[in-house]
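Close look at the chain arrangement
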Amino acid sequence: MNSSMNTSMNTSTALREASSRQLMLSVDGQRVDAHVSGAGAPIVLFHSLLADGTSFDRIAGPLSLTHQVIVLNLPGFGNSDRVDGGMEAVAERLAAAVRLMALEQAPIFLGNGYGGFLALMVAIRHPGIARRLVLADCGAAFSEPGRAAFLGMAATVSAHGLDRIADVAMRRLFSPAYQSQNPELITERRQRFVDMDTQTFQQACNALASLDLRSDLAAVQAPVLVLVGEQDEATPPAMSEELAAGLPHARLQILPGCAHVPQLQEPHMFLSAIKEFINE
């Protein structure tokens, strides 16, 4: 690599780091915490219930080369205040936070798992707030066994705490083979999970157990890329297939070998899958 190329890369890195900052928004006196980096077309990232904003760490840097990347800590995570009142109330707080950012153009929403459901809800309730959506490993409604699993997790956590279901959570996030090959990452993700706000988790589980957005999908006029890990047990591929079929302008891609957090498990594959769509 020649010196001019080195200089160019170093300058690019320095500019990205200079523009990286924490952003604390106040919605009706309640905090919404975000991390902002990069410049360009804005893209807002909504994380999973079983993870947090750091689950995007492996893709935020590369995305910031071409986009302004806004990683939200959803209500009840990080320094964001919890929202009581169901997912509708959470979606409204997030919509208000996005509007407070006063972005130069409507952003892309990228949601994973629970964050995908919330990104979709915000888009349904506020047409035009997002110009396109990437919905990874979510859906429009859970099956009866899926609903029962959420109710069971909420009850277990209420009685025994998050630590009791931490191993279950890791199985939902990552395939068994990936867990055995990456023990340090699994230990770190497990600790982040047990440190989360218990009440936020219980409320989200109960809300997801009753959520059904299928009748609202036709209202989403923005283009949507639906992604799902082939081995996702939390939100199986059939849910993403149903979601893509119900959206007027959606395409579906299944990511081989991945489970519930493909951006963390296979960041290069994930970035490759979304590259064309987010640059259209």
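Quick note: structure is the one above.
None of these values were measured; they are calculated from a predicted model. Here the residue index of a chain counts from 1 through its sequence in written order. Side-chain atom pairs in this predicted model are given and counted only at pLDDT of 80 or more, local residue features only at pLDDT of at least 70, and totals for whole chains, interfaces and linings cover all residues. Side-chain measures here rest on the full set of heavy atoms in the structure, leaving out hydrogens and waters.

Re the pattern of salt bridges
The salt bridge criterion pairs a side-chain nitrogen of Lys or Arg with a carboxyl oxygen of Asp or Glu, the two atoms within 4 Å. Counting across every chain of the model gives 15 salt bridges. As a salt-bridge pair, Arg192 and Asp52 come within 3.1 Å of each other at their nearest N and O atoms. Taken together, the residues span a long stretch of sequence, with Arg192 in helix 8 (residues 183–194) and Asp52 in the loop between strand 3 (41–46) and helix 2 (57–63) at a distance of 140 residues. With a shortest N-O distance of 3.2 Å, Asp167 and Arg190 are connected by a salt bridge. Of the two residues, Asp167 sits in helix 6 (residues 166–173) while Arg190 sits in helix 8, which places them 23 residues apart along the sequence. For the purposes of this entry, the term helix denotes a DSSP run of H or I that reaches at least four residues, the term strand denotes a run of E that reaches at least two, and both are numbered from the N terminus.

Details of the pairing of strand 8 (residues 250–255)
Pairs of strands are assigned from DSSP output, requiring at least two bridges between the strands. Relative to strand 8, strand 7 (residues 224–229) runs parallel, the two being bridged by six bridges. Counterpart to Leu225 in the pairing with strand 8 is Arg251. Handedness rule for crossovers: strands pointing away from the viewer, path from the first strand over the helix to the second running clockwise, crossover right-handed. For the crossover that starts at strand 7, traverses helix 10 (residues 237–246) and ends in the parallel strand 8, the hand is right-handed.

Details of the side chain of Arg147
Along the chain, the position of Arg147 falls in helix 5 (residues 144–160). Given the relative accessible area of 12%, Arg147 is considered buried. We call two residues in contact whenever any of their non-hydrogen atoms come within 4.5 Å of each other. Beyond its immediate sequence surroundings of up to four residues, Arg147 is in contact with Ala141, Phe142, Leu208, Ala209, Ser210, Leu211, Asp212 and Arg214. With a 1.4 Å probe rolled over the protein chains alone, any residue whose accessible area is under 20% of its type maximum counts as buried; one over 50% counts as exposed, and the rest are partly exposed.

As for the packing of helix 6 against helix 8
Between the N-to-C directions of two axes lies an angle of 0 to 180 degrees, each axis being a line fitted to C-alpha atoms and, for a helix, fitted only over the stretch in contact. Between helix 6 and helix 8, the least distance of the axes is 10 Å, while the angle of their chain directions is 120°. By the angle between their directions, the pair helix 6 and helix 8 is classed as oblique. Two packed elements cross with a definite hand, and for helix 6 against helix 8 that hand is right-handed. Touching Ala166, Asp167, Ala169 and Met170 of helix 6 are Ile186, Arg189, Arg190, Phe193 and Val194, all from helix 8. Lys, Arg, Asp and Glu make up the charged group, whereas Ala, Val, Leu, Ile, Met, Phe, Trp, Tyr, Cys and Pro make up the nonpolar group; the residues left over, Gly among them, are polar. The class makeup of the residues in the contact of helix 6 with helix 8 is six nonpolar, no polar and three charged. By definition in this entry, angles of less than 35 degrees are roughly parallel, angles greater than 145 are roughly antiparallel, angles of 65 to 115 are roughly perpendicular, and the rest are oblique. Should the near helix be turned anticlockwise from the far one by less than a right angle, the crossing is termed left-handed; should it be turned clockwise, right-handed.

Topic: the sheet that holds strand 4 (residues 67–73)
Pairing is mixed in the open sheet, where eight strands are placed in the order 1-2-4-3-5-6-7-8. Since the sheet does not close on itself, it has two edges, and those belong to strand 1 (21–27) and strand 8, each with one partner. Strand-to-strand twist of the sheet, defined as the mean angle between neighbouring strand axes without regard to direction, takes the value 20°. With respect to the sheet, helix 10 is in contact with strand 6 (132–136), strand 7 and strand 8, its orientation differing from that of strand 7 by roughly 170°. Together, strand 3, strand 4, strand 5 (108–112), strand 6, strand 7 and strand 8 form the strand contacts of helix 12 (residues 267–278), whose direction differs from that of strand 7 by roughly 170°.

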